[in-house]
Amino acid sequence: MSHFNNLESSTLGVTLSDRGAGLAQMVFRGRNIKLLLDTSELTTDVIDQFCIGGTVGPYAGRLRNENESFGDASVLLHGSDTGLHLVNWQLRQTDHATTVSYATHLKHGDGGLPGDRDFFVRYTLENDCLIIDLAAASNRDTPISLTNHAYFTLGAQSVGDLALQINANSVLETDSLQCATGGLLPVADTDLDFTRQRSLAGAQGPLELDHSYKLNSAVRAGLVPHHVATLSNSINGLSLNVSTTQPCLQVYTASQLSTPLRPYSAICLEAQGFPNGPNHTLSHDESILRAGHSVSQRIVYQITEALEADPISLAG
């Protein structure tokens, strides 16, 4: 059974779960608008199946993994059967007003990857910002890329009612197994260009996106995040600003959600390392955590409200 912790500021209410050290819900308190996909009636199996709100790792996205013991290769998605989103994390520390921290451990060989690995997540709520700090340490060289897998709605019923802007000029090329090759594809003059804010509604319905954007921001030392994307709901005037220290943003419009959920009912903006990073020259060295070292990354979700919103939104 999952256990929950709540954080509150004057702007936001946040519910956290020890299952996957997950972000279960964010609420804009002034108008009691739920900002994430509602999971209150979902079983743990459904939440696990779609990684809803969980901390994803040990390697986010698709990772082609060569199994030295059996001489074959497999593709791990979000850690597969030993993914961190499937773990009941240990509560390490809580300040019920502002901060909750979780920790968990994977043994050498878990998930087919090397190293005894320790993982840490800290959520800090500051006014209109939720700060997520992700960290890992290992006693062997091992691939590491962590992210949060929240499904944002901003109070909309469909992603087609939202607009998106991303500070990225290219997406990662993928092969037949959807693994990143290390090639970059320019987004200019394509349906993937969100360098300026665009609606997520297409001619045939919501846009189907499941792409990794290489962010324009340079990776900095320390935990100084760059603003990388803005998601907006013009009807209720709410916007989500995403800032991160990570180099990529996986954008997924939830086309594979199935009963009891609806496809395209939310969007994931997963700030992470390069998918399949250890297997291409674009980011090989940055994707491997060296033995005896640790790595930290930060994601910030800021919720803002336009001064004037469509009166329809007042119904909540």
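Residues numbered from 1 in each chain as written. Predicted model: local features only at pLDDT ≥ 70, side-chain atom pairs only at ≥ 80, totals over all residues. Heavy atoms only, no water.

Peer 1: Teacher, can you tell me more about the pairing of strand β10 (residues 117–126) here?
Peer 2: Within a regular strand, the side chains alternate between the two sheet faces. Pairing geometry for strand β9 (residues 99–106) and β10, over 8 bridges, is antiparallel. By the bridge assignment, His105 is partnered in β10 with Asp118. Two strands pair when backbone bridges link them, and β10 and strand β11 (residues 129–138) are joined in this way by 10 bridges, in the antiparallel orientation. Paired with Phe119 across the strands is Ala136, a residue of β11. (Pairing = 2+ DSSP bridges. Helix = DSSP H or I, 4+ residues; strand = E, 2+ residues; numbered from the N terminus.)

Peer 1: Honestly, the pairing of β11 in this entry has me stumped. Any pointers?
Peer 2: In terms of residue burial, β11 counts as a mostly covered element, since 9 of its 10 residues are buried. The antiparallel hairpin formed by β10 and β11 contains 2 residues in its connecting segment, where Asn127 sits at a positive phi of about 55°. In this structure, β11 lies alongside strand β26 (residues 294–305), joined through 9 bridges in antiparallel fashion. Along β26, the bridge assignment pairs Ile131 with Val300. (Buried < 20%, exposed > 50% of the residue type's maximum accessible area, 1.4 Å probe, protein only.)

Peer 1: Can you walk me through unusual backbone geometry in this structure?
Peer 2: Glycine aside, the phi torsion of most residues is negative, and most peptide linkages are trans. Put simply, Gly57 and Pro58 share a cis peptide bond, and its omega is 10°. Residue placement: Pro58 occurs in the loop between β5 (55–56) and β6 (62–67). Cis geometry marks the peptide bond from Thr259 to Pro260, where omega comes out at 10°. In this fold, Pro260 is placed in the loop between β23 (248–252) and β24 (268–272). Phi is positive for Ala21, close to 45°, though the residue is something other than glycine. Structurally, the position occupied by Ala21 is in the loop between β2 (12–17) and β3 (22–28). Here the phi dihedral of Tyr264 falls at roughly 65°; this positive angle occurs in a residue that is not glycine. Here Tyr264 shows up in the loop between β23 and β24. The exposure class assigned to Tyr264 is buried, which follows from its relative accessible area of 19%.

Functional significance is not addressed by these values, which are geometric in nature.
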